[in-house]
Amino acid sequence: MSAPFDRRHSPPPSPTGPADWILSGGRIWTGAGEPPGTDAIALKAGRVLAVGTTDELEGLQGPETAVLPLEGRFLMPGFVDAHVHLQAGGLHLFGVDLRGADSPEALIGRVADRARLTPGRGWILGGDWDHDLWGGQLPRREWLDRAAPDRPVFLHRTDLHMAVASSRALELAGISRHTPDPENGWIDRDPGTGEPTGILRERSMELVSRVLPPPSREDRRAALRAAVLHALERGVTQLHDMGALHSAEQSWESLHTLRELSREGLLPIRVAAAVPVSDQAELVRFIEEEGQGDARISWGMVKGFVDGSLGSSTAWMQDPYIGEPENTGHIISDLDQLSHDLRAAARAGLQPCVHAIGDRANDWMLALAREMREENPGRDLRVRIEHAQHLSREALDRIEESGAVFSVQPLHLVDDGRAVDRSLGPDRASRSFAYRTLLDRGGMLAFGSDWTVAPIDPVGAVQAAVTRRLWQPAEWEWGESWIPEQRITLEEALRAHTLGGAKAGFLEQETGTLEPGKRADLVVLAADPFEVHPEEWRERLKVDMTFVDGALVHQVHDVTLGMSP
């Protein structure tokens, strides 16, 4: 094995000379502490030149400087989304969207509408359905057959750990009553007939995925470009792409396509990409030949899985699910092999990122993170636990000693809060999405979305972490604060979605705060969240402008009125 790769960056140089941009007359939140009255920022050559008052920065204005009055808007570091599935998200934008469908009829109607819009006999793809919104009944293949007769339909649940397939899709995949469950996968069957219901859990979904027509090169390019623009519109300037759920090939294809777009100047966002941990030796060889990328696209993370998800009842728990006395969830990887691959990756200087949702899965991962830390003394591993949704009592005492980064998704608590109460009960719920405890016990939080599992919505994520308010599905309005003792402050939430994400990707020397010399990745919001009631954040904190490397890459149509050279 080669010597470990050094993923740390030296402090950036500070630019000098007249500014390219001066944005002034607003509230500036740098994420690093700023004096009261700070209302202006100057940018130069893609970096932050200075932060201060309008009067202090006046001397940096030259004949070519563009001056933008903020008119009271809120300027902050760009959001970092530390967990997305970028290619799948882009392709999802072209599929059927079932988010918010609150009845079987609504699901059937949306699929039928998509079938009418896509004539022919081809596949209908998409998803984001959540059976908890209509009382918990799982969809069946007959629903899809009714919506799109004789069409292959394949729709993922919102957590991507379960899907429903139509009869034609099952036929094309060779799935029948005689098909055995694949390793680490489960096919739901009708108890009366033994026939598949259409529900496929975990790796059984691959039986359908392998017969789907693969996206073409142009499909991948279009999907990734659409995904990037989707993120920029929401104020995200940096993404951590976790690749495809169970496809090494698609993860590598996504990475290569992102590199291609970057070389062509068509990647207006910062991306750190992961590949499956089973490919850790291949990634080492790739880095030896190609390096670890540049400031726009980089790689060096490897992704593994311990268990499934709560919504699919496959998260690995210490005790059974309520009402399912024989079910404690599932391990979806060979843990001996996973441990071997993660240790090898850590020794090589790669960054392990591991999906762990259930309390037993997190116990296993926290213990392994501590052991890897001990095996690599003096090394900054930053082992990432992706999701870390449910923690045991013992886990609370292992947070700091593990040295782990907790890559979490606050909008999941909005979706899953009631399901946690029903499936796990109040004791385990009190240690679910435990952001207050994680911070108080010395954990590092990095916020993300897990798009397409939840939408890219940084403002919504901050709102969820600060208020822990659940949706009322029937009225689609905010309900009660769920486990309010786990709320965190606005300042803490903003840091988790900026500097926390940058640290999770070893990019904090360059991004995450707005300090002189750092890259000018920033977002301008229509209002100041510190002055607006949390219940109004999603309505009032609209993203007016997004900058990456000092370039204006997104704006609403009327923001630049009043800008002067």
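Shown above is the structure to which this text applies.
Residues numbered from 1 in each chain as written. Predicted model: local features only at pLDDT ≥ 70, side-chain atom pairs only at ≥ 80, totals over all residues. Heavy atoms only, no water.

(A) Quick look at the nonpolar core. Counting 100 residues, the largest nonpolar core has Ile 269, Leu 283, Met 365, Phe 406 and Tyr 435 as the members making the most contacts within it. When residues of this core are assigned to their parent elements, the largest contribution, 7 residues, is made by helix α13 (residues 410–429). Counting residues in each nonpolar core, the second largest holds 19 residues, with Ala 115, Ile 124, Trp 134 and Val 164 among its members. (Core = buried A, V, L, I, M, F, W, Y, C linked by side-chain atoms within 4.5 Å. Buried < 20%, exposed > 50% of the residue type's maximum accessible area, 1.4 Å probe, protein only. Helix = DSSP H or I, 4+ residues; strand = E, 2+ residues; numbered from the N terminus.)

(B) Molecular detail of the packing of aromatic side chains. Tallied over the full model, the rule gives 7 aromatic pairs. On the basis of an interplanar angle of 55° and a centroid distance of 6.1 Å, the ring pair of Trp 134 and Trp 143 is categorised as tilted. Pair check on accessibility: Trp 134 and Trp 143 agree, each one buried. Plain terms: the ring middles of Tyr 435 and Phe 447 are 5.8 Å apart, the flat faces sit at 50° to each other, and that makes the pair tilted. With Tyr 435 in helix α14 (residues 435–440) and Phe 447 in strand β20 (residues 444–447), this pair connects stretches of sequence that are 12 residues apart. Owing to a relative accessible area of 0%, Phe 447 belongs among the buried residues under this scheme. Through a chain of ring-to-ring contacts, the aromatic side chains of Trp 252, Phe 286 and Trp 299 assemble into a single cluster. Over the ring of Phe 506 we find Arg 382, and its NZ or CZ is 4.3 Å from the ring centre. (Phe/Tyr/Trp six-rings, centres within 6.5 Å; stacked < 30°, edge-to-face > 60°. Lys NZ or Arg CZ within 6 Å of the ring centre and 35° of its normal.)

(C) Quick peek at the sheet that holds strand β5 (residues 66–69). What the 4 strands build is an open sheet, ordered β4-β3-β1-β5; its pairing is mixed. Every other strand in the sheet has two partners, leaving β4 (47–52) and β5 as the edge strands with one partner each. Neighbour-to-neighbour, the strand axes of the sheet open up by a mean angle of 15°, direction not taken into account. In this structure, strand β1 (residues 21–24) lies alongside β5, joined through 4 bridges in parallel fashion. For Trp 21, the partnering residue across the bridge sits in β5 and is Ala 66. (Pairing = 2+ DSSP bridges. Axes fitted to C-alpha atoms, helices over the stretch in contact; angles between N-to-C directions.)

(D) Local environment of the side chain of Arg 296. As for its position among the elements, Arg 296 is in the loop between α9 (280–290) and β16 (297–305). At 2.7 Å, the side chain of Arg 296 and the backbone oxygen of Leu 267 are in polar contact. Polar contacts involving the side chain of Arg 296 include one to the side chain of Asp 549, which spans 2.6 Å. Those residues in contact with Arg 296, other than ones at most four positions away along the chain, are Ser 262, Leu 267, Pro 268, Ile 269, Arg 270, Val 271, Val 548 and Asp 549. (Polar contact = N/O pair within 3.5 Å; in protein donor to acceptor, adjacent residues only side chain to side chain. Contact = heavy atoms within 4.5 Å.)

(E) Expanded view of unusual backbone geometry. Here the bond from Trp 451 into Thr 452 is cis, since omega is 20°, no more than 30 degrees from zero. Among the secondary structure elements, Thr 452 is positioned in the loop between β20 and α15 (458–467). For Glu 71, which is not a glycine, the phi torsion comes out positive at approximately 50°. With respect to the helices, strands and loops of the structure, Glu 71 is situated in the loop between β5 and β6 (74–77). Taking relative accessible area as the criterion, Glu 71 reaches 59% and is therefore assigned exposed. Backbone geometry places Ala 388, a non-glycine residue, at a positive phi of 45°. Here Ala 388 shows up in the loop between β18 (384–387) and α12 (399–402).

(F) Spatial organisation of the packing of helix α7 (residues 217–232) against helix α8 (residues 248–263). Where α7 meets α8, the axes come as close as 10 Å, and the angle between the chain directions of the two elements is 75°. Taken together, the axes of α7 and α8 are roughly perpendicular relative to one another. Residues Arg 217, Arg 220, Arg 221, Leu 224 and Arg 225 of α7 form the contact with α8, whose participating residues are Glu 253, Ser 254, Thr 257, Leu 258, Glu 260 and Leu 261. In terms of residue class, the contact of α7 with α8 is built from 3 nonpolar, 2 polar and 6 charged. (Parallel < 35°, antiparallel > 145°, perpendicular 65-115°, else oblique. Nonpolar A, V, L, I, M, F, W, Y, C, P; charged D, E, K, R; others polar.)

(G) Region of the structure containing helix α10 (residues 335–347). The end-to-end C-alpha separation of α10 is 18 Å, in line with the 18 Å expected for 13 residues at 1.5 Å each. Three or more residues of α10 are buried, namely Leu 335, Leu 338, Ser 339, Asp 341, Leu 342, Arg 343, Ala 344, Ala 345 and Ala 346. The elements touched by buried residues of α10 are α9, β16, β17 (351–356) and α11 (359–375). Put simply, Asp 334 is the residue that caps the front of α10, since its side-chain oxygen is 3.0 Å from the backbone nitrogen of Asp 336. Of the residues trailing α10, Gly 349 is marked for its positive phi of about 90°. (Expected span 1.5 Å × (residues − 1).)

(H) Here's a closer look at the pattern of salt bridges. All chains considered together, the criterion is met by 46 salt bridges. The partner of Asp 427 in a salt bridge is Arg 431, and the shortest N-O contact between them spans 3.3 Å. Residue Arg 469 is joined to Glu 535 by a salt bridge in which the shortest nitrogen-to-oxygen separation is 2.6 Å. One end of the pair, Arg 469, is in strand β21 (residues 469–472); the other, Glu 535, is in the loop between β23 (522–525) and α18 (537–540), with 66 residues separating them in the sequence. Accessibility expressed as a relative area gives 37% for Glu 535, which makes it partly exposed. Each of Arg 47, Arg 270, Arg 296, Glu 510, Arg 519, Asp 521 and Asp 549 takes part in one network of salt bridges that share partners. (Salt bridge = Lys/Arg side-chain N within 4 Å of Asp/Glu carboxyl O.)

(I) Layout of the pairing of β23. Residue alternation in β23 divides its side chains into two sets, Leu 522 and Val 524 and Val 523 and Leu 525, and both sets are buried. In the sheet, β6 pairs with β23 via 4 bridges, with the strands oriented antiparallel. Each bridged residue has a counterpart across the sheet, and for Phe 74 the counterpart in β23 is Leu 525. Relative to strand β24 (residues 543–548), β23 runs antiparallel, the two sharing 4 bridges. Its bridge partner being in β24, Val 524 is matched across the sheet by Met 545.

(J) Highlighting the environment of Arg 495. Within the secondary structure, Arg 495 sits in helix α16 (residues 490–496). The class of Arg 495 is partly exposed, set by a relative accessible area of 31%. Excluding anything up to four places from it in sequence, Arg 495 contacts Trp 29, Gly 31, Ala 32 and Gly 500.

(K) Summary view of the packing of α8 against α9. Where α8 contacts α9, the axes come no closer than 14 Å and their chain directions differ by 15°. Put simply, α8 runs roughly parallel to α9. Seen along the crossing, α8 lies across α9 with a hand that is right-handed. From α8, Trp 252, Leu 255, His 256 and Arg 259 reach across to α9, where they touch Glu 282, Leu 283, Phe 286 and Glu 290. The class makeup of the residues in the contact of α8 with α9 is 4 nonpolar, 1 polar and 3 charged. (Left-handed = near helix turned anticlockwise from the far one by under 90°.)

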